Amino acid sequence: MTNPQELLHDPRFLRASTYDAEWILENQMGPNALWLTEWLVQAMDLRRGMRVLDLGCGKALSSIFLAREFGVQVWAADLWIPPTENWARIQAQELGERVYPLRAEAHALPFAEGFFDAIVCVDAYAYFGTDDLYLSYLHRFVREGGSIGIVVPGLMREFDGPVPEHLARRQASGGVFWGPDCWSLHTADWWRHHWARTGLVEVEVADTLEGGIDLWRRWDQAVQASGAGHFPSDAEVLEADGGRYLGFVRMVARRA
Ligand SMILES: C[S@@+](CC[C@H](N)C(=O)[O-])C[C@H]1O[C@@H](n2cnc3c(N)ncnc32)[C@H](O)[C@@H]1O
């Protein structure tokens, strides 16, 4: 199978599967933001009209998806992607009345405390959230009883010693998967402990995506088939790994 639309169709993500693969791929910044967002919100209770912060929204695919599928209002906040570019994408989808783009740095959020019903963060939390102090800052922006949900590429098991050989070697594509930033990859248990011990939230879900490595491989194939890749293919590493170490982690918690 090489057709991106078929590669991005998955029966577990029927909402995401209706979106145009070309649109997803041309705006991609990592593994399919719509699969990951749909998986995340399967564990959250989003209701029409809720105020949602999409932190590290990238090109706002997840923000558009949440507004369209759940009728929520989304503040689409990102550091690297100019809000003017996201505004064009949002308007093209006729969601200008429900999705509000802004430039924001995760440690200097321009919001009132308790403003949001929910915060979501898709493939971005590891850039800032491994800091022991970060949840203590972030949680104040969600109301009491509101929820915070993250999805990150993660580890299926931690390792202390040397990086497993198949993750560190140079691939035929020229890429090396494991760089210094990969030390922010962790297991679901690590993330659960990281949040639970603060006492600031009650962790409701901390789990891994079943068959995550297969989805990641399919995503890599779709990126290569469409020519949308910004980096060399990771196909070799993903195949060698087979889900022993790599996959996706989801965590949802409620503010105490
Ligand atoms: C891998 S991209 C994922 C983007 C998008 N969520 C997606 O899945 O397509 C990571 C995003 O995290 C954002 N990010 C990284 N550090 C950040 C920070 N300190 N504050 C706000 N956003 C940050 C970047 O701007 C980038 O768009």
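Note that residues are indexed from 1 along each chain, following the sequence as it is written. Where local features are concerned, this predicted model is filtered to residues with pLDDT of at least 70; where side-chain atom pairs are given and counted, the filter is 80 or more; whole-chain, interface and lining totals use all residues. Note that water and hydrogens are dropped before the side-chain values are worked out from all heavy atoms of the structure.

1. Digging into the overall build of the protein
Under the DSSP-based scheme used, a helix requires at least four consecutive residues in state H or I and a strand at least two consecutive residues in state E, with every element numbered from the N terminus. Broken down by element type, the protein carries ten helices and seven strands. Its C-alpha atoms give the protein principal-axis dimensions of roughly 50 × 40 × 30 Å. Between two residues, a contact is recorded if the distance between any of their heavy atoms is within 4.5 Å. Considering only contacts in the protein between residues 6 or more positions apart, those separated by 24 or more positions represent 75%. Each accessible area is a Shrake-Rupley estimate made with a 1.4 Å probe; only the visible protein chains count as cover when residues are assessed. When the accessible area of the protein is evaluated, it comes to approximately 11,500 Å², of which 49% is carbon and sulfur surface. Two residue types count as positive, namely Lys and Arg, and two as negative, namely Asp and Glu; His and chain ends fall outside the count. By convention, the point assigned to a charge is CZ for Arg, NZ for Lys, CD for Glu and CG for Asp. Looking at charge distribution, the protein has the averaged site of its 23 positive side-chain charges lying 4 Å from that of its 35 negative ones.

2. Observations regarding the site of the ligand
Working definition: residue near molecule or strand if any one of its non-hydrogen atoms lies within 4 Å of it. Every one of the 16 residues lining the ligand counts as a neighbour, but Gly56, Asp78, Glu105, Ala106 and Val122 are closest to it. Polar contact criterion, stated in full: a pair of N or O atoms within 3.5 Å, where within protein one must be able to donate a hydrogen and the other to accept it, and residues adjacent in sequence count only if both atoms are side-chain atoms. Residue Leu79 places a main-chain N or O atom 3.5 Å away from an oxygen atom belonging to the ligand. For the ligand, the accessible surface in isolation is 590 Å², of which the surrounding protein chains cover 96%. Considering only residue class, the shell around the ligand consists of eleven nonpolar, two polar and three charged. Residue type decides the class: Asp, Glu, Lys and Arg count as charged, Ala, Val, Leu, Ile, Met, Phe, Trp, Tyr, Cys and Pro as nonpolar, and the leftover types, Gly among them, as polar.

3. A short note on helix α9 (residues 212-226)
Given a helix with a known number of residues, its expected span is that number minus one, times 1.5 Å. Taking 1.5 Å of rise per residue, 15 residues should cover 21 Å, and α9 covers 21 Å from first to last C-alpha, within 8% of that figure. At its buried positions, α9 is contacted by α1 (4-7), α2 (21-26), α3 (33-41), β5 (142-155), α10 (235-241) and β7 (246-255). Just downstream of α9 lies Gly227, where phi reads positive at about 75°.

4. Comments concerning the sheet that holds strand β4 (residues 116-122)
Pairing between two strands requires that DSSP report at least two bridges joining them. Taken in spatial order, the seven strands line up as β3-β2-β1-β4-β5-β7-β6 in an open sheet, and their pairing is mixed. The two strands at the open ends of the sheet, each matched to only one other strand, are β3 (99-103) and β6 (201-208). Shown here is a sheet whose adjacent strand axes are inclined to one another by a mean of 15°, direction ignored. Pairing of β4 with β5 involves six bridges; the strand directions are parallel. Looking at β5, one finds that Val122 is bridged to Val151. Inter-axis angles, ranging from 0 to 180 degrees, are taken between N-to-C directions of lines fitted to C-alpha atoms, where helices are fitted over the stretch in contact. Together, β5, β6 and β7 form the strand contacts of helix α8 (residues 188-196), whose direction differs from that of β6 by roughly 175°. Across the face of the sheet, α9 comes into contact with β5 and β7 while running at roughly 115° to β7.

5. Looking at the nonpolar core
Residues belong to a common nonpolar core when they are buried Ala, Val, Leu, Ile, Met, Phe, Trp, Tyr or Cys residues joined through side-chain atoms within 4.5 Å. Only protein chains enter the calculation, and the probe is 1.4 Å; a residue is then buried if its accessible area is under 20% of its type maximum, exposed if over 50%, and partly exposed in between. In this structure, Leu46, Leu66 and Leu246 are the most contacted members of the largest nonpolar core, which totals 60 residues. Dropping the residues within four chain positions of it, Leu46 is found in contact with Val41, Val52, Leu66, Phe70, Val72 and Ala118. Counting residues in each nonpolar core, the second largest holds 34 residues, with Ala106, Phe111, Ala124 and Tyr125 among its members.

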